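# Structural description and commentary
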Amino acid sequence: MNKKVVMEESFHVFIVLISAIVYSLGVMWFITPAGLYSSGITGFGQIISDIIILCTDGKVKIPLGVFTFLFNIPLFIIGYRKVSIRFAIYSLLSVIVQSLFMMGWIPEYTFGIDALENQLLFALIGGLVTGLANAVALRFGTSTGGLDIIAQALSIEKGISIGTFTMIFNCLIALVGGGVIANAWEISMYTFIRIIISSIVIDKIHTAYNFVRLDIISDHVEDISQRIMSELKRGVTLMSVEGAYTHAQKRDAFVILTSYELARAKRICMEADPNVFVIIAPAKGTIGRFVRKTIM
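Residues numbered from 1 in each chain as written. Predicted model: local features only at pLDDT ≥ 70, side-chain atom pairs only at ≥ 80, totals over all residues. Heavy atoms only, no water.

Here the idea is plain: a probe the size of a water molecule rolls over the atoms and shows the empty space left. Quantified by volume, the second largest pocket comes out at close to 510 Å³. When residues of the lining of the second largest pocket are assigned to their parent elements, the largest contribution, four residues, is made by helix α2 (residues 40–55). Here the residues of the lining of the second largest pocket sort into 14 nonpolar, five polar and three charged. (1 Å grid on protein atoms, 1.4 Å probe; cavity = no way out; pocket = protein on both sides within 12 Å on 5 of 7 lines; lining within 4 Å. Points joined across faces, edges and corners; volume = space filled by probe spheres on them. Helix = DSSP H or I, 4+ residues; strand = E, 2+ residues; numbered from the N terminus. Nonpolar A, V, L, I, M, F, W, Y, C, P; charged D, E, K, R; others polar.)

Bringing the nonpolar core into the picture now. By size, the foremost hydrophobic cluster in this structure holds 20 residues, and its most contacted members are V27, L36, Y37 and M102. Where this core is concerned, the elements lending two or more residues are α1 (3–31), α5 (119–139) and α7 (162–181). A total of five residues in this core trace back to one element, the largest contributor, which is α1. Look past the residues within four positions of L36 in its chain and what remains in contact with it is I31, Q46, Q119, A123, I187, Y190 and T191. Residues V236, A253, V255 and V276 belong to the second largest nonpolar core, which totals 16 residues. (Core = buried A, V, L, I, M, F, W, Y, C linked by side-chain atoms within 4.5 Å. Buried < 20%, exposed > 50% of the residue type's maximum accessible area, 1.4 Å probe, protein only. Contact = heavy atoms within 4.5 Å.)

Because an α-helix completes one turn every 3.6 residues, residues spaced three or four positions apart along the sequence face the same direction. The terminal C-alpha atoms of helix α8 (residues 185–205) lie 30 Å apart, and with 21 residues this matches the ideal 30 Å at 1.5 Å per residue to within 8%. I187, S188, T191, R194, I195, S198, S199, V201 and I202 are the residues of α8 that are buried. Burial along α8 is one-sided: seen end-on, the buried residues are contained in an arc of 160°. (Expected span 1.5 Å × (residues − 1). Arc of directions from axis to C-beta.)

What follows covers the packing of aromatic side chains. Scanning all chains against the criterion turns up five aromatic pairs. Measuring from centroid to centroid gives 5.9 Å for W29 and F111, while their planes differ by 85°, and the two rings are edge-to-face. Of this pair, W29 sits in helix α1 while F111 is found in the loop between α4 (85–101) and α5, placing the two residues 82 residues apart along the sequence. Owing to a relative accessible area of 23%, W29 belongs among the partly exposed residues under this scheme. Judged by its relative accessible area of 42%, F111 is partly exposed. For the pair F44 and F71, a centre-to-centre distance of 5.3 Å together with 55° between the ring planes defines the contact as tilted. Highlighted residues: F44 in helix α2 and F71 in helix α3 (residues 64–82), separated in sequence by 27 residues. (Phe/Tyr/Trp six-rings, centres within 6.5 Å; stacked < 30°, edge-to-face > 60°.)

Taken by themselves, the reported measurements are silent on function.
Rendered as structure tokens:
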């Protein structure tokens, strides 16, 4: 394994750890103290924990980290089969970190603010923090585990927006947790606000399966095209273009990518030609053989 690969893998592990820690703190410091419900498997774990507490009159309290770990085991298998082994391993690492943080050894911290009296504030900040953690993890080809694994698999196979899928699932958690178990619809309402904020952040930062069109004009367009085809496995169309003012003859490399691949494509262009001119435009979609690849 060469140095470049080691550095890339180390960076991904760093992103996994940071996103898992930020997500856990978002849950423990903002969502839980305000009596709100978290997203995905963590929120589902909160519901199961509340049911156990109700059924045992508060005599049995199982740490949220236990449910986070147990419920993610089957999802790890889904990630392995539907996405990739590396995605699954990184997701498992994230889940282990979250489970440890949610075992109760980190006390709730509310910054001197009464969380129950300021549920709207905590819903907004909690949604922003957890959404950011999820989005950054997905943007760099990793995951915070849980529902992200299923959402990523559906995004690859069906092109479904990750934010849309998670919003629907999390709305069900808000309805069941706040309206049915807690019998407090205001909790559901504040949880809905947290869900909307998280979903917006996820879709704004992680746009892996939105399409973009690149027009790359350069004196080294052949080199750029070869690297895009070999490294990104995307087809490139070459066109001859002429500057209207100078009448200089150049080549235009036209390519369709996912937004997730955009950063790598820009790096390829700049490395091959520091004077390259690139036009980036959104594409509504594609018809034909545009392969949806796993992210890792």
